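Residue-level structural notes
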Amino acid sequence: MTSPDFGSFLGAFSPLYKREMRHWFQSPFAVIFLCIFLLAAGAFPIFLGNFFGTAQANLSQLFVFMPWLLLVLIPALSMRVWADERRSGTIELLMTLPVTTTQVVFAKFFAVWTVVAIGILGTFPIWITVNWLGSPDNGVIMTQYVAATLLGGAYTAIGCLISMFCRQQTAAFVSTLAVCFVLTLTGSPLIISAISEWAPPALIALVANISLLHHFQLIGRGVIDVGDMFYYLFVILFALALSIRVLSGVTAK
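Notes on the structure in this doc start here. (Residues numbered from 1 in each chain as written. Predicted model: local features only at pLDDT ≥ 70, side-chain atom pairs only at ≥ 80, totals over all residues. Heavy atoms only, no water.)

**Notes on the packing of aromatic side chains**
Counted only if it meets this: The aromatic pairing rule takes the rings of Phe, Tyr and Trp, using the six-membered ring of Trp, and pairs them if the centres are within 6.5 Å, calling planes under 30 degrees apart stacked, those over 60 edge-to-face and the rest tilted. Burial classes: relative accessible area under 20% of the type maximum marks a residue as buried, over 50% as exposed, and values in between as partly exposed (1.4 Å probe, protein chains only). Charge-over-ring contacts are defined here by two conditions on Lys NZ or Arg CZ: a distance within 6 Å of the ring centre and an angle within 35 degrees of the ring normal.
With the rule as written, the count across this model stands at 14 aromatic pairs. For the pair F109 and F110, a centre-to-centre distance of 5.1 Å together with 70° between the ring planes defines the contact as edge-to-face. Given the relative accessible area of 30%, F110 is considered partly exposed. Following the ring pairs from residue to residue traces out a cluster consisting of F13, Y17, F106, F109, F110 and W113. The positively charged end of R80 is found above the aromatic ring belonging to F29, 4.6 Å away from the centroid. For the cation-ring pair, K108 lies above W82, with the distance from its terminal atom to the ring centre recorded as 5.0 Å.

**Quick word on helix α8 (residues 169-185)**
Going by this rule: Under the scheme used here, helices are H or I runs from DSSP no shorter than 4 residues and strands are E runs no shorter than 2 residues, and both carry numbers assigned from the N terminus. Here a helix's expected span is defined as the number of its residues, less one, multiplied by 1.5 Å. The arc refers to the directions leading from the helix axis to the C-beta atoms.
Across its 17 residues, α8 extends 24 Å between first and last C-alpha, which sits within 8% of the 24 Å expected from 1.5 Å per residue. Within the span of α8, buried status applies to A172, T176, C180 and T184. Along the long axis of α8, the arc covered by the buried residues comes to 85°, so they all point the same way. Pointing more than 90 degrees away from the buried face of α8 are the exposed residues T170 and V182.

**Quick word on the side chain of T176**
Using the following cut-off: Between N or O atoms, a polar contact is any pair within 3.5 Å; within protein, one atom must be a potential hydrogen donor and the other a potential acceptor, and residues adjacent in sequence are included only when both atoms are from side chains. The contact criterion used throughout is that any non-hydrogen atoms of two residues lie within 4.5 Å.
Positionally, T176 belongs in helix α8. The class for T176 is buried, based on a relative accessible area of 0%. Reaching out from T176, the side chain makes a polar contact with the backbone oxygen of A172 at a distance of 2.8 Å. Ignoring any residue separated from it by four or fewer positions in sequence, one finds T176 in contact with P75, S78, G159 and I162.

**Focus on the environment of N138**
Within the fold, N138 resides in helix α7 (residues 138-165). According to the relative accessible area criterion, N138 is partly exposed, its value standing at 32%. Distance from N138 to W127, taken between C-alpha atoms, is 8.7 Å for residues 11 residues apart in sequence. With near-sequence residues (within four places) excluded, N138 lies in contact with W127 and N131. Among the polar contacts made by the side chain of N138, one reaches the side chain of N131 at a distance of 3.1 Å.

See below:
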């Protein structure tokens, strides 16, 4: 099969993407996700992060908890992407449509990422509140939103890939949570200090740089570095490329 040009790719991608979005919002699952996410995003900084007690006009407390909210809630979304298709055997039926595996994988990924992005942008009223209470550095807040969206994209791509290997949603959820948790904590001070006693500096730097949380924190400081952006795009595209390869193998059987 020859690779379609970009126009042809979008021609089939667009209806697939719309189909997936209708699927999410015709069921209560996406609405439940968004409600839980927004309630937690508002409650955690206030009740656990002492949002009003810091006397600082910023969203640092929100974005301290943001990675952990995404870490738990995104696997709950992504677990449904392919697990149901594999369990019910509808993958083969889906691929009988005049579409490519790449179009199907990208459509499903972007649909879930869109739901995640809607949740993240749904915290916008908190940003307005902070500006009403004081004079925050809105440039830093903007980069924090960019970092959260990219992190959400990485979690989503990984979750979609893992869902492809699982027939049960529970297995997909637990596996995605475990993998993302490891990739998030890899560069934490606890891990770095544990290996610093025996590991060479090059290995320590490598371990720190593969941490999803590490790059989130770097972007969230207010400066969007090309290397950090490339890291997230690499994770997303690598996971999607593996998904395409796996789906091609499944449908070829």
